[in-house]
Amino acid sequence: MPLNILIVGAGVCGPALAMLLQSSDPSYNITVVERSASLRTAGQQIDLKSQGIEVLKKMGLFDTIKAHCVEETGLEILDPKAKPIAFFGVSPSGERRMALTSEYEIMRGDVVMELYEASLRQNAKLNGKLAYEFGKTIEELAQDGDEVDVTFSDGGKCRYDLVVAADGQASRTRRLAFGQDASDAAFKSLGIHAAYFSIPRIEGEGGNAKTYSAPGSRMMFTRTSNRPVTQVLLFIMKDVEELSKSYKQPVEKQKEAFAEAFRDAGWQSDRFLSEMKTCDDFYAHEVGQIKMGRLYNGCVVLLGDAGYCPSPFTGMGATGCLVGAYVLAGALATHKNDIVGALKAYEDVARPPVEEFQTLRGPPLGALFPSSQLGIWVLRNAMWAVSKLEQMTHRSPAQNAQGWKLPEYAELNLQA
Ligand SMILES: Cc1cc2nc3c(=O)[nH]c(=O)nc-3n(C[C@H](O)[C@H](O)[C@H](O)COP(=O)(O)OP(=O)(O)OC[C@H]3O[C@@H](n4cnc5c(N)ncnc54)[C@H](O)[C@@H]3O)c2cc1C
């Protein structure tokens, strides 16, 4: 009997997994449920790095996705008068250096859309059984031996051989399968609140990203690259109750909480906060990592941010998603209908790269968020020194290509 598989969440890893699973066995019945009424294409720039790029190449999607790369030329560190004091260039994809801009920077929405459309194209080509259902989520999970009974938000019920949690950092599927306590305990806050949104671009904003530190442990970024809008990223490393509470409230309340937290932050904060009121792609969260002792429970498995969110401070979120989807599909393809054996193999193979991707490089995060003007002065000068050092020690990607190696799974029937 072909496996009946439910994937919860059509973000980055949901469609990627659907495509990889179907490539290994077109007879799988694959349903992807997405809580939003349509594909959620919001979000700012995300990085694609080494092993993630390898997965895309194997899927035959690298060139298509690469065509969406934004042209960001580097990062300027601004002084109190908003003049650049230090500059970091573009980091090659095989490296994890002290740079914001990596070789392959792509808008999250473009990655999500390309993966989704490619999965539908493949489904048509293989005459497969992949279906997306929008505006729907899961309400209950009950495991019965080697099957999972799922109750959906529309009242429907269905039985699956495998349920994949691909529903992001705050995964409901993780909570239902592992319990509220284990799920909550897995969230390791980095103590930072972040908001991302787009505003109209103004004259003179070039291809460089810019960052400005403000007292009160606040940091503001703009990223304009070659796009017609300016991306704004606000970060604050402080315990602000209003921000913590706001994430469970409507977006308008989140905007109000960030407007209050960044009032009088200097530079162009008045412009950012004024435009934030009317932006339509606002996304905010408490920055953290997800660290689960196990990646599966029975026949429910965690994928991407739901299982091992590394946080935007690593730049490895999308790469972790793609690697996780590839390893999970590979484990299922090699173990055929032995789901538990496949999930164990997934956990064993994925654990080392997951830990590697979650490693926070560079200085302790606290050092990047000084609270006083003096601390900011020290930070800017340290950044200047590091930027000079990086320019002197620049290495080629080949010299840096190291770390975990992607396994080969012939059973996935991929192009490369
Ligand atoms: C709207 C949005 C904007 C983002 N913006 C940025 C950004 O600017 N910078 C950055 O670094 N990272 C951003 N991220 C996070 C980034 O996409 C992930 O860190 C990373 O790519 C991992 O992808 P994922 O597929 O595991 O999870 P996600 O990309 O978060 O996708 C999860 C998907 O599951 C859906 N979902 C959630 N709960 C349920 C549920 N109960 N039932 C069904 N579906 C559900 C979500 O709507 C979403 O489509 C954003 C995520 C989202 C959802």
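This structure is a prediction, so every number in the text was calculated from the model and none was measured. (Residues numbered from 1 in each chain as written. Predicted model: local features only at pLDDT ≥ 70, side-chain atom pairs only at ≥ 80, totals over all residues. Heavy atoms only, no water.)

S.K.: Tell me what's going on with the UniProt feature "signal peptide" (unreviewed entry) in the protein, and back it up with residues and numbers.
M.R.: Under the present numbering, the feature "signal peptide" (unreviewed entry) in UniProt falls on residues 1–18. Secondary structure across residues 1–18 divides into 33% helix and 28% strand, with the first and last C-alpha atoms of the span separated by 18 Å. (UniProt positions renumbered as here; feature names shortened; annotations may be inferred. Helix = DSSP H or I, 4+ residues; strand = E, 2+ residues; numbered from the N terminus.)

S.K.: Before we move on, can you summarise the site of the ligand with the specific residues and values?
M.R.: In the neighbourhood of the ligand, 28 residues make up the surrounding shell, with Glu34, Gln44, Arg108, Thr137 and Asp305 lying closest. Residue Arg108 places a side-chain N or O atom 2.7 Å away from an oxygen atom belonging to the ligand. At a separation of 2.5 Å, an oxygen atom of the ligand approaches a polar side-chain atom of Asp305. Summarising the interface, the protein chains cover 93% of the accessible area of the ligand, which totals 920 Å² for the free molecule. For the shell around the ligand, a count of residues per class yields 12 nonpolar, eight polar and eight charged. (Near = heavy atom within 4 Å. Polar contact = N/O pair within 3.5 Å; in protein donor to acceptor, adjacent residues only side chain to side chain. Areas by Shrake-Rupley, 256 points an atom, 1.4 Å probe, with all protein chains shown as cover. Nonpolar A, V, L, I, M, F, W, Y, C, P; charged D, E, K, R; others polar.)

S.K.: If you had to explain the pairing of strand 10 (residues 157–160) to someone new, which residues and values would you point to?
M.R.: Bridge count for strand 9 (residues 147–152) against strand 10 is four bridges, and the pairing is antiparallel. From the neighbouring strand, Asp149 faces strand 10, where its bridge partner is Arg159. A loop of four residues connects strand 9 with strand 10, the two strands running antiparallel in sequence, and Gly155 in this loop sits at a positive phi of about 90°. (Pairing = 2+ DSSP bridges.)

S.K.: Talk me through the sheet that holds strand 9; I want residue IDs and the actual numbers.
M.R.: Across a sheet, strands are paired by hydrogen bonds formed along the backbone, either parallel or antiparallel in direction. Ordered by their spatial adjacency, three strands build an open sheet running 8-9-10, and the pairing between neighbours is antiparallel. One side of each edge strand has no neighbouring strand; the edge strands of this open sheet are strand 8 (138–144) and strand 10. For this sheet the average axis-to-axis angle between neighbouring strands, irrespective of direction, equals 20°. Pairing analysis gives six bridges linking strand 8 to strand 9, with the strands arranged antiparallel. For Leu141, the partnering residue across the bridge sits in strand 9 and is Val150. (Axes fitted to C-alpha atoms, helices over the stretch in contact; angles between N-to-C directions.)

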